[in-house]
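# Notes for the structure review
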Amino acid sequence: MAKILRINTSTRQLKYEDLPEKYSALGGRGLTSQIVFDEVPATCDPLGPLNKLVIAPGLLSGTNAPSSGRLSVGGKSPLTGGIKEANAGGITSQKLASLGIKAIVLEGRPEGSDWYGVKITADGAEFFNANDLAGKGTYEVTAICRERYGTKVGVITIGPAGEMQLLAAGVTNNDGDGNSSRYAGRGGLGAVMGSKRVKVIVVDSQGTFDAPVKDPEKFKAAARKFAKILADNPTTGIGLPNYGTNVLMNIINEAGTLPTRNFRLGRFDKAGEVSGEKLAEVAVARGGKATHACHPGCVMRCSNVYPMPDGKVCAPIEYETAWAFGPNLEIGDLDTVARLNYICNDVGLDTIETGCTLGVLMEAGIIPFGDGQAAIAALEEVGKGTALGRVIGSGSAVAGKVYGVTRVPAVKGQGIPAYDPRSCKGNGVTYATSPMGADHTAGYAVTANILNVGGKVDPLLPDGQADLSRNLQIATAAVDSTGLCLFVAFAVLDNPEALPAIVDMINAQYGLALTTDDVAGLGQQILKVEREFNRKAGFTSADDRLPEFFHTEELPPHNTRFDVKDEDLDSVFNF
Amino acid sequence: MILEVRVFGGLEKLIPGASFGRPMQVEAAPGTTAGGLLDLLKIPEDKVFTILVNGIHAEKGDLLKAGDRVAFFPPVGGG
């Protein structure tokens, strides 16, 4: 029987509940957002006892559906003040699903100064004292847990940034090699976990593909078909497996939409030095890997293993992170990018938010643009808990206020990712309107704007961008519920056979009779729930806007501004 | 006419001496199209998924002009 593990951190009681019938067709983001909507008062303090942290594997996680091991983490975001779902790879989602756990709900807030861990096995769950792990970085915590409980465990943890309840703190878990680098990074959910004084959740289960499937034969046929669709698609079958996500660096640069020097320029002359091609070259030469799977059963294998000069390994360096610490800061050195990435993973910070924050500090003149060593030194302040470190760990909007900077790339308090909204206007619409705050994955219009996937919409013109973003936001909310990696969308957008194959898998697993129309319905329902939570939390259409400078400053080389009309932005959720 | 050409994502391995992203000055006859430039560089058309000319999407049949910054990409994706 599918169940919810409810963990009351105030009373230190754990209990399993049967999954309510109304949640039976939900998973991943659909389930985290619905539970948050149903159980968390929208006006609550995100770091107070009324907020909850909800961790849910996707609907297909724990099966052998290809690339289906994604984990959703949800709650009220301390960074945005709105609802949040952050999505991670790693091995834990499949383990939870294999144990029949549809969601973990962390609630309450304990008194006192102790830190706690929770261990979950097939026999049940229990608290343990984790004071010995407090203050440690995530790599060490994960290594200790793997030593204590075996190398097969999944370790969900926070770093010192989460313990300090800093607003850009993420929740991480590990890949199969024990790298504590698979982050549900965005929106400060690590601070929510820290507020509950839970340092770590250890999932001790051998199972990876053991989630129950009602009709195994039908499932197998659909999964095989879907795997072939992914293998045959040029992006998911060739592009991602060859160079990973950071292969985007050069095409986004050539397209003139690579945010450079805190969003002043659209191209960076050293972009190639921090690109996927360079990464593959260096990683392989140092004995690392240009391609790597973040969870068992992924066919796209878009991660990498980058050995650093100090002997440690940063695995992976993703495009967003390479951008955040590279072009955004005018740093053209991959080893510096890797070091900044590693520190964030260890101290427990979202790399996108932290890159935006360092950009704001450079804008303020606190550290010089292009100065990698100064950026590393500043970032190391976070772990020390100094005033500067706490500012850096609190995100770009806070840093902008502290240092009097108005050029702050953030929407709803969340930093804008690696595509400038003035020359990739579809993504601009998504940044402005997503209930998540500025989030590139929420409606990845780079597809039709830049990559010629799922149609073509001119990235420099305002026309058609609201429709594009709307359709992508609906589709994404649904995909984020399945546990499938969002990158399957590259194939889904271009192959009409793909979505029916996904629906066939879900139907075979759960004994349902969903149609492809139901998938769109699910996406719409999730967005409505999330928007309604935000409305109750006090958000209005005034929050669905980009920062002023995107309207007033032209971005070279195309010299465009963000000119999608407000009424178009306000039409995105007309469904 | 002279064109400034860049290739990425493994396409550089098809051109002797090329490396990804390093601009190549290529002499082409006036009237050369993006597809014609691929022929000149001996890059099979089916290896190329995206063509950007001065940062704007182009098709294989589009005419190039002197000084154009041309970039060729295989299938890429991510996020």
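In this report, we go over the structure that sits alongside the text. Just so we're clear, the structure is a prediction, and the values are computed from it rather than from any experiment.

So, on to the overall build of chain A. On a plain count of helices and strands, chain A comes out with 23 helices and 17 strands. Considering only C-alpha atoms, chain A reaches an extent of 60 × 50 × 50 Å along its principal axes. Scored against the burial criterion, the 575 residues of chain A give a buried share of 66%. Of the contacts formed within chain A by residues at least 6 apart in sequence, a portion of 70% connects residues at least 24 apart. Carbon and sulfur atoms form 49% of the exposed surface of chain A, whose accessible area is close to 18100 Å².

Residues and elements named next belong to chain A. By the definition in use, this model includes 12 aromatic pairs over all chains. Measuring from ring centre to ring centre gives 5.9 Å for Tyr-116 and Phe-127, while their planes differ by 80°; the resulting arrangement is edge-to-face. With Tyr-116 in strand β7 (residues 116-121) and Phe-127 in strand β8 (residues 124-129), this pair connects stretches of sequence that are 11 residues apart. With respect to burial, Tyr-116 and Phe-127 carry one shared label: buried.

Residue and element names in this part refer to chain A. Spatial ordering of the open sheet is given by β2-β1-β6-β3-β4-β5, a layout of six strands whose pairing is mixed. Strands at the two margins of the open sheet, each flanked by one partner only, are β2 (13-18) and β5 (83-88). Along the sheet, successive strands turn relative to each other by an average axial angle of 20°, direction set aside. Where strand β4 (residues 71-76) meets β5, six bridges bridge the pair, whose relative direction is antiparallel. When the sheet's bridge partners are listed, Val-73 is paired in β5 with Ala-86.

This part is about the interface of chain B and chain A. The interface of chain B with chain A comprises 23 residues on the first partner and 34 residues on the second. Regarding the contact of chain B and chain A, the summed buried area is about 2200 Å², with carbon and sulfur atoms giving 62% of it. Contact with chain A buries area across many residues of chain B, yet Phe20(B), Val76(B) and Gly79(B) alone supply 28% of it, more than any other trio. At the boundary of chain B with chain A, the tally comes to three salt bridges. Residue Glu59(B) is joined to Lys456(A) by a salt bridge in which the shortest nitrogen-to-oxygen separation is 2.9 Å. Where chain B meets chain A, there are eight residue pairs in polar contact (both at pLDDT 80 or more). Broken down by secondary-structure element, the contributors of at least two residues to the side of chain B that touches chain A are β3 (50-53), β4 (56-58) and β5 (69-73) of chain B. Residues belonging to the side of chain B that touches chain A are distributed by class as follows: nine nonpolar, nine polar and five charged.

Here the focus is helix α7 (residues 234-243) of chain A. Residues and elements named next belong to chain A. Among the residues making up α7, those that are buried are Thr-235, Thr-236, Gly-239, Leu-240, Pro-241 and Tyr-243. Of the surrounding secondary structure, the elements contacted by the buried residues of α7 are α6 (216-232), α9 (276-285), β13 (289-292) and α19 (489-494). The N-cap of α7, judged by a side-chain oxygen 2.8 Å from the amide nitrogen of Thr-235 a few residues on, is Asn-233. Trailing α7 by a residue or two, Gly-244 shows a phi angle of about 75°, which is positive.

In this section: the pattern of salt bridges. Tallied over the full model, the rule gives 41 salt bridges over all chains. Put simply, Asp68(B) and Lys65(B) hold a salt bridge, and the shortest N to O gap is 3.1 Å. Using a relative accessible area of 3% as the deciding quantity, one classes Asp68(B) as buried. Connected through salt bridges with shared partners, the residues Arg6(A), Lys15(A), Glu17(A), Glu39(A), Lys52(A) and Glu107(A) form a single ionic network.

A word on the nonpolar core. Counting 138 residues, the largest nonpolar core has Trp323(A), Leu358(A), Tyr419(A) and Leu451(A) as its most contacted members. With sequence-adjacent residues up to four places away left out, Leu451(A) is seen in contact with Leu248(A), Ile251(A), Tyr444(A), Val446(A), Phe490(A), Phe49(B), Thr50(B), Val76(B) and Gly77(B).

What follows is about helix α12 (residues 351-363) of chain A. All names here are of chain A. Here α12 contains 13 residues, and its C-alpha end-to-end distance of 18 Å stays within 8% of the 18 Å for a straight helix at 1.5 Å per residue. Most of α12 is tucked away: 12 of the 13 residues are buried. Listed in full, the buried residues belonging to α12 are Thr-351, Ile-352, Glu-353, Thr-354, Gly-355, Cys-356, Thr-357, Leu-358, Gly-359, Val-360, Leu-361 and Met-362. Contact partners of the buried residues in α12: α10 (319-325), α11 (334-347), α13 (372-384), α14 (387-392), α15 (396-403) and β17 (414-415).

As a further point, take the sheet that holds strand β14 (residues 303-307) of chain A. Residues and elements named next belong to chain A. Pairing is antiparallel across the open sheet formed by three strands, whose spatial order is β13-β14-β15. Of all the strands in the sheet, just β13 and β15 (313-314) have a single pairing partner and so form its edges. Where β14 lies against β15, two bridges are found, and the strand directions are antiparallel. In the sheet register, Pro-307 faces β15, and the bridge partner there is Val-313. Where α9 meets the sheet, it contacts β13 and β14, and its direction lies at approximately 55° from that of β14.

Rules behind the numbers
- Residues numbered from 1 in each chain as written.
- Chains lettered and ligands numbered in written order.
- Predicted model: local features only at pLDDT ≥ 70, side-chain atom pairs only at ≥ 80, totals over all residues.
- Heavy atoms only, no water.
- Helix = DSSP H or I, 4+ residues; strand = E, 2+ residues; numbered from the N terminus.
- Buried < 20%, exposed > 50% of the residue type's maximum accessible area, 1.4 Å probe, protein only.
- Contact = heavy atoms within 4.5 Å.
- Areas by Shrake-Rupley, 256 points an atom, 1.4 Å probe, with all protein chains shown as cover.
- Phe/Tyr/Trp six-rings, centres within 6.5 Å; stacked < 30°, edge-to-face > 60°.
- Pairing = 2+ DSSP bridges.
- Axes fitted to C-alpha atoms, helices over the stretch in contact; angles between N-to-C directions.
- Buried area = accessible area lost by both parts, 1.4 Å probe.
- Salt bridge = Lys/Arg side-chain N within 4 Å of Asp/Glu carboxyl O.
- Polar contact = N/O pair within 3.5 Å; in protein donor to acceptor, adjacent residues only side chain to side chain.
- Nonpolar A, V, L, I, M, F, W, Y, C, P; charged D, E, K, R; others polar.
- Core = buried A, V, L, I, M, F, W, Y, C linked by side-chain atoms within 4.5 Å.
- Expected span 1.5 Å × (residues − 1).

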